[in-house]
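An overview of the molecular structure
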Amino acid sequence: TLPAEARIFSNEYYKPNMPAIKMSYWSGRRVEGLEGPEKPKRGDYVCLHSSYGGLSRYPALIPAL
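All values reported here derive from a predicted model rather than from experimental measurement. (Residues numbered from 1 in each chain as written. Predicted model: local features only at pLDDT ≥ 70, side-chain atom pairs only at ≥ 80, totals over all residues. Heavy atoms only, no water.)

Quick word on the sheet that holds strand β5 (residues 45-47)
The pairing of strands in a sheet comes from backbone hydrogen bonds and takes either a parallel or an antiparallel form. Heads up, the rule is: Strand pairing is defined by DSSP finding a minimum of two bridges between the two strands. Helix and strand assignments come from DSSP, with helices taken as H or I runs of at least 4 residues and strands as E runs of at least 2, each series counted from the N terminus. Here the axes come from fitting lines to C-alpha atoms, over the contacting stretch only for helices, and the angles between their N-to-C directions go from 0 to 180 degrees.
In spatial order, the strands read β4-β1-β5; together these 3 strands make up an open sheet with parallel pairing. Each having just a single partner strand, β4 (31-33) and β5 make up the two edges of the open sheet. Within the sheet, the average angular offset between the axes of one strand and its neighbour, ignoring direction, is 35 degrees.

Some words on the pattern of salt bridges
What counts is decided by this rule: The term salt bridge refers to a side-chain nitrogen of Lys or Arg lying within 4 Å of a carboxyl oxygen of Asp or Glu.
Going through the model one piece at a time under the given rule, you end up with 3 salt bridges. A salt bridge links Asp 44 to Arg 7; the shortest N-O distance between them is 2.8 Å. Note that Asp 44 is positioned in the loop between β4 and β5 and Arg 7 in the segment before β1 (8-10), a separation of 37 residues in sequence. One salt bridge in this structure joins Arg 30 and Glu 32, with 3.1 Å as the shortest N-O distance. Beyond isolated ion pairs, a larger network of salt bridges with shared partners links Arg 7, Glu 38 and Asp 44.

The structure is reproduced here in structure tokens:
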């Protein structure tokens with residue numbers, strides 16, 4: 001039910017250059033890695049599978065107060 005233009009990003013990697021292969025299969029669309037060249041924009045979805053170690057590697061996801 002996601003809009004066709006919405007992209008999905010994940011911090012889960014099976015191997016380098018293989019982000020979220022199970023999520024790609026289940027969703028029927030490509031899932032981008034958060035550490036790849038593309039960055040999430042308004043309307044995209046970000047799935048965090050783990051935030052152990054904090055979010056300092058993903059500063060754009062840290063809420064501004």
